[in-house]
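# Per-entry structural report
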Amino acid sequence: MIEKLLIANRGEIALRILRACREMGIKTVAVHSTADEDAMHVRLADESVCIGPPPSALSYLNIPAILSACEITGADAVHPGYGFLSENARFAEILEEHGITFVGPTAEHIRMMGDKIQAKATVKALGIPCVPGSEGALKSNEEALRVADEIGYPVIVKAAAGGGGRGMKVAQNKEELIPSLSSARAESKAAFGDDAMYMEKFLGKPRHIEIQVMGDKYGNAVHLGERDCSLQRRHQKVWEEARSPALNDNQRIEIGEIVAKAMSNLNYLGAGTIEFLYEDGRFYFIEMNTRLQVEHPITEAITGLDLVREQIRVASGAKLSFDQSEIRFNGHAIECRINAENAETFTPAPGKIENYHAPGGLGVRVDSGVYSGYTIPPYYDSLIGKLIVHGNNRNECLMRLRRALKEFVIEGHGIETTIPLFEKLAMNSDIINGNYDIHWLEEFLEKESSKN
Ligand code: ADP
């Protein structure tokens, strides 16, 4: 079993991992940049090591510095959290070469799913439904035109190496296709150093629904139900729900079983998420994330399971501690990502928190790394924390969310938060009725800004 775990991350997720370790009796090592000396994860860890200056490339992404920190402290495992090195196959390999356990899937699986063309081909062969499109990479403009004719416009061209919504372009018709393809290709080449492109049918009003999976080293794999993350701004998730207001139990079980079986056939280890677009009752695979997700707590809320604990267990060679028949889904959960941003313009507004009071009470969880007197550094993402509420049903959950948002106090110099946006959303009739797709939030924000 793992004795000492180094957390290669910062902020709320570092704290989340630290808490699981402490409950399991595992010692913790925090790493931090010089900008994070006063961070909560550093204060709470058993040991901490400074790994570099503020820019992530020199600290949280600095593999040699993290390896040295493992060596100095004798850590025998690393949890990468999300972002940073969590989907870096080479990092997983290097740790393995040094006899250090990487809490995550194998380097082979990270690499496979990191290339979207390969990922799609792999999951398709395993029986997971995909968006109709090109077979692999587009070899020529002629092929692009032919495939688009076959699947019908509009189409979307996507970079194999893409991420964060970059390297993607929609073409409404034949005239737009080649210019869209060229510009997405150029963007991908510049951003990712790779210009392999593929094509898919563009879905007009889909929801984003993802399935949480977990596997062990013995070929066992389960699904932990779905999350609906349709409320997005610039492809960034803002509000997530489990379960999805759009699915019934039969659909839920059907897609869950397909995915769990595929992961078992793949021998997938650890936590992963299969992301789908969902439209007119059908699922279309878009990508797999081979790590813990920001929104994992809503799955924990409805299943009562600790995903980080389970990640650590299976990484150290234990069997999954539950099988599919033991997983029960109870009630409804919603997560709001509270960012240090203006709630209307979304301009980052970090600063010093003078007053901080987190809501509590039945069914309320706050995962955050901040405290009164803490200065949010400007170098990293603007997530202050996540508010997660759980209720017996969606209505109760929404009521609880409204009251929790009212209790939340985050005040200080230069600080603004997205709490006012969530207060509006929690009162909106489309949201209350579960009536939204992946474009809903941006359309809502546009209407709001034209009011002012
Ligand atoms: P990334 O890794 O860059 O986030 P994804 O493949 O996950 O790329 O797609 C990001 C977003 O782009 C999706 O959530 C969806 O909003 C949009 N998108 C991707 N593929 C399609 C498609 N075939 N039809 C419609 N929208 C799509």
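Parameters at a glance
- Residues numbered from 1 in each chain as written.
- Predicted model: local features only at pLDDT ≥ 70, side-chain atom pairs only at ≥ 80, totals over all residues.
- Heavy atoms only, no water.
- Axes fitted to C-alpha atoms, helices over the stretch in contact; angles between N-to-C directions.
- Helix = DSSP H or I, 4+ residues; strand = E, 2+ residues; numbered from the N terminus.
- Parallel < 35°, antiparallel > 145°, perpendicular 65-115°, else oblique.
- Left-handed = near helix turned anticlockwise from the far one by under 90°.
- Contact = heavy atoms within 4.5 Å.
- Nonpolar A, V, L, I, M, F, W, Y, C, P; charged D, E, K, R; others polar.
- Salt bridge = Lys/Arg side-chain N within 4 Å of Asp/Glu carboxyl O.
- Buried < 20%, exposed > 50% of the residue type's maximum accessible area, 1.4 Å probe, protein only.
- Polar contact = N/O pair within 3.5 Å; in protein donor to acceptor, adjacent residues only side chain to side chain.
- Pairing = 2+ DSSP bridges.
- Near = heavy atom within 4 Å.
- Areas by Shrake-Rupley, 256 points an atom, 1.4 Å probe, with all protein chains shown as cover.
- Domains from an automatic or database assignment.
- Buried area = accessible area lost by both parts, 1.4 Å probe.
- Disulfide = S-S within 2.5 Å.

Closest axis-to-axis distance for the helix 3 (residues 63-73)/helix 4 (residues 89-97) pair is 11 Å, and the angle between their directions is 30 degrees. Here helix 3 is positioned roughly parallel relative to helix 4, judged by the angle of their axes. For the element pair helix 3 and helix 4, the recorded crossing hand is right-handed. Seen from helix 3, the contacting residues are Ile63, Ile66 and Leu67; seen from helix 4, they are Phe91, Ile94 and Leu95. By residue class, the composition of the contact of helix 3 with helix 4 is six nonpolar, no polar and no charged.

This part covers the pattern of salt bridges. Side chains that carry opposite charge are capable of pairing whenever their charged atoms lie near each other. Within the structure shown, the criterion is met by 35 salt bridges. Measuring nitrogen to oxygen at the nearest pair gives 3.8 Å for the salt bridge that ties lysine 169 to glutamate 187. Of this pair, lysine 169 sits in strand 7 (residues 166-171) while glutamate 187 sits in helix 8 (residues 174-192), placing them 18 residues apart in sequence.

Attention now goes to the environment of aspartate 430. By the secondary structure assignment, aspartate 430 is in helix 14 (residues 429-432). Under the relative-accessibility criterion, aspartate 430 is labelled partly exposed at 29%. Setting aside anything within four residues of it in sequence, one finds aspartate 430 in contact with Asn435, Tyr436 and Trp440. A polar atom in the side chain of aspartate 430 sits 2.8 Å from the side chain of tryptophan 440.

This brings us to the packing of helix 4 against helix 5 (residues 107-114). The geometry of helix 4 relative to helix 5 is characterised by a closest axis approach of 8 Å and an angle of 175 degrees between their N-to-C directions. Considering the angle they form, helix 4 stands roughly antiparallel to helix 5. Residues Ala89, Arg90, Ala92 and Glu93 of helix 4 pack against Ala107, Ile110 and Arg111 of helix 5. Of the residues in the contact of helix 4 with helix 5, the class split is four nonpolar, no polar and three charged.

Taking strand neighbours across the sheet as the criterion, the five strands line up as 3-2-1-4-5 in an open arrangement whose pairing is parallel. Strand pairing shows two members of the sheet lacking a second neighbour, strand 3 (47-52) and strand 5 (101-102), which therefore form its edges. For strand 4 (residues 77-79) and strand 5, the ladder comprises two bridges, and the chain directions are parallel. Note on strand 5: the bridge partner recorded for valine 78 is phenylalanine 102. The sheet contacts of helix 1 (residues 11-24) involve strand 1 (4-7), strand 2 (27-33) and strand 4, and relative to strand 1 the element is tilted by about 170 degrees.

To continue, consider the pairing of strand 7. Pairing between strand 6 (residues 155-163) and strand 7: five bridges, direction antiparallel. What sits directly across from lysine 158, in strand 7, is methionine 168. Linking strand 6 to strand 7, which pair antiparallel, is a turn of two residues; within it glycine 164 sits at a positive phi near 60 degrees.

It is worth spelling out the sheet that holds strand 10 (residues 221-233) at this point. The strand order 13-12-9-10-11-14-17-16 describes an open sheet built from eight strands, whose pairing is antiparallel. Each edge of the open sheet carries a strand with a single partner, namely strand 13 (282-289) and strand 16 (364-368). Neighbouring strand axes in the sheet, compared pairwise and without regard to direction, differ in orientation by 25 degrees on average. Summarising the sheet, strand 11 (residues 236-242) and strand 14 (residues 332-339) pair through four bridges and their orientation is antiparallel. Note that in strand 14 the partner of tryptophan 239 across the bridge is cysteine 336. Sheet strands in contact with helix 9 (residues 249-266) are strand 9 (207-215), strand 10, strand 12 (270-279) and strand 13, and its direction is about 115 degrees off that of strand 10.

As a matter of local geometry, the ligand sits amid 18 residues, with Lys116, Lys158, Gly165, Lys201 and Leu203 nearest to it. In this structure, glutamate 200 approaches the ligand through a side-chain N or O atom, which is 3.0 Å from a nitrogen atom. Between the ligand and the protein, one listed contact pairs an oxygen atom with a side-chain N or O atom of glutamate 287 at 3.0 Å. For the ligand, whose accessible area on its own is 550 Å², the fraction buried by protein is 94%. For the shell around the ligand, the secondary structure elements donating two or more residues are strand 6, strand 8 (197-201) and strand 13. The leading source of residues in the shell around the ligand is strand 6, at three residues. Looking at the shell around the ligand residue by residue, the classes come out as eight nonpolar, five polar and five charged. The residue makeup of the shell around the ligand includes at least three contributed by each of domain 2 (132-201) and domain 3 (207-451).

What follows is about the pairing of strand 8. Extensive coverage of strand 8 is indicated by the burial of four of its five residues. Across five bridges, the pairing between strand 6 and strand 8 is antiparallel. Paired with lysine 158 across the strands is tyrosine 198, a residue of strand 8.

What the domain assignment reports for the protein is domain 1 (4-103), domain 2 (132-201) and domain 3 (207-451). Contact residues are listed per partner, giving 34 residues for domain 1 and 28 residues for domain 3. The junction of domain 1 with domain 3 conceals about 2300 Å² of combined surface from both sides, 60% of it contributed by carbon and sulfur atoms. Sorting the residues of domain 1 by area buried against domain 3 places Glu12, Arg16 and Tyr82 first, and these three jointly supply 27% of that buried surface.

Position of glutamate 150 relative to the elements: it lies in helix 7 (residues 141-151). Taking the C-alpha atoms as reference points, glutamate 150 and arginine 309, 159 residues apart in sequence, are found 47 Å from one another.

As enumerated under the stated definition, the model contains zero disulfides in all. Cysteine 130 takes part in no disulfide bond, and the closest cysteine sulfur, belonging to cysteine 229, lies 19 Å away. This cysteine, cysteine 336, is not joined by any disulfide, and cysteine 397 carries the nearest cysteine sulfur, 9.1 Å off. Given a relative accessible area of 0%, cysteine 336 falls into the buried group.

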